[in-house]
Amino acid sequence: MMLLEEIFKSKKAENTDAFNLRIHRGLSWLRKAGDLDADLDLQFISLWVAFNAIYAQDLTVSQDKQSLRQFLHMICRKDADGKIYGILWEKFSQPVRVLLDNQYVYQGFWDYQNQKISAAACREGLEQEKRKVHLALKNKESADILLVLFSRLYTLRNQLVHGGATYSSSVNRKQLQDGCRILSALLPVFILVLLENAQTLDLGKPFYPVVQVC
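Residues numbered from 1 in each chain as written. Predicted model: local features only at pLDDT ≥ 70, side-chain atom pairs only at ≥ 80, totals over all residues. Heavy atoms only, no water.

A.B. asks: Quick one: what's the story with the pattern of salt bridges, residue by residue and with numbers?
C.D. replies: Following the criterion strictly, the structure yields eight salt bridges and no others. As a salt-bridge pair, Arg31 and Glu5 come within 2.6 Å of each other at their nearest N and O atoms. Here Glu5 lies in helix H1 (residues 2-11) and Arg31 lies in helix H2 (residues 17-34), a separation of 26 residues in the sequence. When its relative accessible area of 40% is taken as the criterion, Arg31 is described as partly exposed. (Salt bridge = Lys/Arg side-chain N within 4 Å of Asp/Glu carboxyl O. Helix = DSSP H or I, 4+ residues; strand = E, 2+ residues; numbered from the N terminus. Buried < 20%, exposed > 50% of the residue type's maximum accessible area, 1.4 Å probe, protein only.)

In structure tokens:
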């Protein structure tokens, strides 16, 4: 964190106010997440807010998915040193694979539980995603793995922020542990890549800019 904050401070004058605001907000939530090791629920929420701060736009759900896809592909392309690759394929490969295989963070599983889709549709959707993941694993396509991974994390996020989980519940500890570990590793790298490529990865003004109160 200290290194990231020093890099941010050293580059602030070169970047737009909007870009600096995104990074400042992201770092603030990432810093707080680091203080919450004993509270996985709040740590995960803080990490997710940090992620939203650095990339989110004011978009519809379908547009937001496309925006996320573009963001993850851009970040991976600009990651010249392969830091994201190292996290996904080396340092955290086991937690990533476990989370990708966990049906309880697959949205289709909950759509089936809520009778929105059939059991067959749920199974087929999960199998399609598994095939996509296996192909991405085979081809070492980091951005494609990230896209499926963040889809799983988004389901976990929804369970928490929409009241679909009991605070400190024992039934979701494993996926929360893995989710926190993965986000805690990825977000500093995302922020660093943004700082290293501020001119080409400036996503513009966030939907909630700073407004001075008179």
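A.B. asks: Would you mind going over the environment of Val133 in detail, with residue names and values included?
C.D. replies: Here Val133 shows up in helix H8 (residues 119-139). Residue Val133 is classed as buried on the basis of its relative accessible area of 8%. Sequence-wise, Val133 and Leu27 are 106 residues apart; in three dimensions their C-alpha atoms are separated by 30 Å. In contact with Val133, not counting residues within four places along its chain, are Leu100, Ile145 and Val148. (Contact = heavy atoms within 4.5 Å.)

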